[in-house]
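The primary structure of each chain is shown beneath.
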Amino acid sequence: MVQLDERLESILAEVIRRNAGESEFHQAVREVLESLGRVVAKRPDFAEGALIERICEPERQIIFRVPWVDDQNQVRINRGFRVQFNSALGPYKGGLRFHPSVNVGIIKFLGFEQTFKNALTGMPIGGGKGGSDFDPKGRSEGEIMRFCQSFMTELYRHIGEYTDVPAGDIGVGGREIGFMFGQYKRLTNRYEAGVLTGKALFYGGSRARTEATGYGNTYFVQSMLGTKGTSFEGKKVVVSGSGNVAIYSHEKVTSFGGKVVAMSDSSGYIVDENGIDLKLIKEIKEVRRARISEYLRIKGEGKGIYFVKAGEGSIWDVPCDVAMPSATQNELTGKDAKTLVKNGVQAVGEGANMPSTPEAIRIFQEAGVLFAPGKAANAGGVATSALEMQQNASRDSWSFAQTEARLAAIMASIHDNCAATADEYGAPGDYVLGANIAGFVRVAESMRALGVI
Ligand code: NDP
């Protein structure tokens, strides 16, 4: 753990005191504060006016009841959240997560990270995040729709094209965005396409939004590998998760000449030495919505294919050149990092938000592994959401190639900005420091300009 200077230590202590028990939020704040010592030394004005304290305090936190009726006619109750973290750069922007683990601390950590991530994209978007402890697994389409409608019946009064623009995250994909957009339209009697992103193409979505986070992470890692004169070509890659981010990371890695040999879900991981068959994963996950062990059942035993149940091993035991954790927070531990380093990993790109524990990050950095933190590497999703907002505002629709070219340019610029900032602050190659400082400076400059609000 990096020793914080006295002033930053007391800010962190106050954040912990005021947000008791919210360990993921404490972890995210600590990581950013660890990078800010160098900024405050160079620009003491950023520590004035309680600016850092204000950046750690969400502008607004909304918690609400979500009642809905299941297929057995039983009334169910979940809790809904929207944390509007920081709007210094634009309307709040960030996804909605439906997962039983969701609580206010997780939403706060995600909203805090989102603020800096959105700043890194260079686009006019503030940071926010939301969701519910609703578990969509095993629910019928009718139950999902009724839940989404009830969730939006409260959320609609807090969002809008110029106020707050949610999108998807874990458990919220195109289907859920559609149900929520439908209910928003019905409640407001407005066709306000720019109120949600991640929409389907036929009613205001953007081409390449579905692919953007996974593609973006792959572009970022490709740029990092480029600094060492290498690329994905011929590399073995492990991608955790098998949701939106993981699937499209696989697609881009493959197009760059890499081979994805393992993927997972919360029930375990699958290894295919010949390269995971993406068409089959899409069929299992996007169409059948089934467990990943289906892969083995369909392909058959042997032939370099096997399945390991959750709890009986870690996906990070599978030897690889590049690791792309793309499932959830703290999924890659210090022990996993040691195994990856021992097996010769060269680069890690965080597709998920905060998937590596602080100990894992330290181990990668000490071993000289290229390490891309989520707030930079997975920013392609929200950047393309901002492109979706642009298209909605101008009632336009761009081609896939045009949108992907914008995404690629944005990722190259985030990479170069993080690298240059790390150089400027005396830590060449430290993308964590570069991302934290570059994101912070943009938000902080804007907050200073807007006064104490
Ligand atoms: P999805 O719901 O599409 O997929 C999530 C995947 O991760 C599933 O395979 C899921 O398995 C697995 N997973 C989720 N929680 C756990 C857990 N507790 N333990 C083990 N596996 C788990 O979500 P996304 O792909 O959209 O999101 C993945 C990560 O990427 C998240 O951290 C998200 O915040 C981040 N992200 C997403 C963006 C986007 O555009 N979608 C943008 C930027 C970041 P199972 O189905 O079994 O639960």
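Residues numbered from 1 in each chain as written. Predicted model: local features only at pLDDT ≥ 70, side-chain atom pairs only at ≥ 80, totals over all residues. Heavy atoms only, no water.

Novice: What's the story with the nonpolar core in this structure? I'm lost.
Specialist: By size, the foremost hydrophobic cluster in this structure holds 53 residues, and its most contacted members are F220 and I414. Considering each element in turn, this core owes the most residues, seven residues, to helix 7 (residues 209–226). Counting residues domain by domain, this core receives three or more from each of domain 2 (60–191) and domain 3 (211–377). Excluding its chain neighbours within four sequence positions, the residues that come into contact with I414 are L120, T121, F220, A376 and A379. Residues L4, L36, I107 and F440 belong to the second largest nonpolar core, which totals 42 residues. (Core = buried A, V, L, I, M, F, W, Y, C linked by side-chain atoms within 4.5 Å. Buried < 20%, exposed > 50% of the residue type's maximum accessible area, 1.4 Å probe, protein only. Helix = DSSP H or I, 4+ residues; strand = E, 2+ residues; numbered from the N terminus. Domains from an automatic or database assignment. Contact = heavy atoms within 4.5 Å.)

Novice: How should a nonpolar patch on the surface be read in this particular structure?
Specialist: A cluster of nonpolar side chains, namely V69, V75 and I77, defines an oily patch on the protein surface of about 260 Å² accessible area. Residue classification places V69 among the partly exposed positions, given a relative accessible area of 31%. (Patch = residues over 30% accessible without salt bridge, like charges linked within 9 Å, V, L, I, M, F, W, Y side chains within 5 Å. Areas by Shrake-Rupley, 256 points an atom, 1.4 Å probe, with all protein chains shown as cover. Salt bridge = Lys/Arg side-chain N within 4 Å of Asp/Glu carboxyl O.)

Novice: Help me out: how do you make sense of the sheet that holds strand 4 (residues 127–132) in this one?
Specialist: Reading across from one edge, 1-2-4-3-5 is the order of the five strands in this open sheet, with mixed pairing throughout. Every other strand in the sheet has two partners, leaving strand 1 (60–69) and strand 5 (164–167) as the edge strands with one partner each. This sheet shows a mean twist of 20 degrees between the axes of neighbouring strands, independent of strand direction. In this structure, strand 3 (residues 92–98) lies alongside strand 5, joined through four bridges in parallel fashion. Residue pairing for strand 5: K93 is matched across the bridge by V165. (Pairing = 2+ DSSP bridges. Axes fitted to C-alpha atoms, helices over the stretch in contact; angles between N-to-C directions.)

Novice: Any chance you could explain the site of the ligand here in plain terms?
Specialist: With respect to spatial proximity, 25 residues lie near the ligand, and among them R97, D169, T213, S266 and N353 are the closest. Contacts to the ligand include V245, whose backbone N or O atom sits 3.0 Å from an oxygen atom. Expressed as a share of its isolated accessible area of 880 Å², the protein-covered part of the ligand is 82%. Mapped by element, the contributors of at least two residues to the shell around the ligand are helix 7, helix 8 (244–255) and strand 7 (259–265). In the shell around the ligand, the residues fall into four nonpolar, 14 polar and seven charged. For the shell around the ligand, the domains that each give at least three residues are domain 2 (60–191) and domain 3 (211–377). (Near = heavy atom within 4 Å. Polar contact = N/O pair within 3.5 Å; in protein donor to acceptor, adjacent residues only side chain to side chain. Nonpolar A, V, L, I, M, F, W, Y, C, P; charged D, E, K, R; others polar.)

Novice: When you look at the side chain of E143 in this model, what are you seeing that I'm missing?
Specialist: By secondary structure assignment, the location of E143 is in helix 5 (residues 141–155). A polar contact of 2.9 Å, which involves the side chain of E143, links it to the backbone nitrogen of D71.

Novice: For this particular structure, what's the right way to read helix 14 (residues 380–393)?
Specialist: The terminal C-alpha atoms of helix 14 lie 20 Å apart, and with 14 residues this matches the ideal 20 Å at 1.5 Å per residue to within 8%. Of all 14 residues making up helix 14, 12 are buried, and the element is well covered by its neighbours. Among the residues making up helix 14, those that are buried are G380, G381, V382, A383, T384, S385, A386, L387, E388, M389, Q391 and N392. Next to the buried residues of helix 14 lie strand 3, helix 4 (104–120), strand 5, helix 7 and helix 15 (400–424). Two residues or fewer after helix 14 comes R395, characterised by a positive phi angle close to 50 degrees. (Expected span 1.5 Å × (residues − 1).)

Novice: Would you explain the sheet that holds strand 11 (residues 347–349) in this entry?
Specialist: Pairing between the strands of a sheet comes from backbone hydrogen bonds, and it takes one of two forms, parallel or antiparallel. Overall, mixed pairing links the seven strands, which are arranged 9-8-7-6-10-11-12 in an open sheet. Only two strands of the sheet have a single neighbouring strand rather than two, namely strand 9 (305–309) and strand 12 (370–372). The sheet shows a mean angle of 15 degrees between the axes of neighbouring strands, direction not considered. As judged from the three bridges shared by strand 6 (residues 236–239) and strand 10 (residues 322–324), these two strands associate in the parallel manner. Its bridge partner lying in strand 10, V237 is registered against V322.

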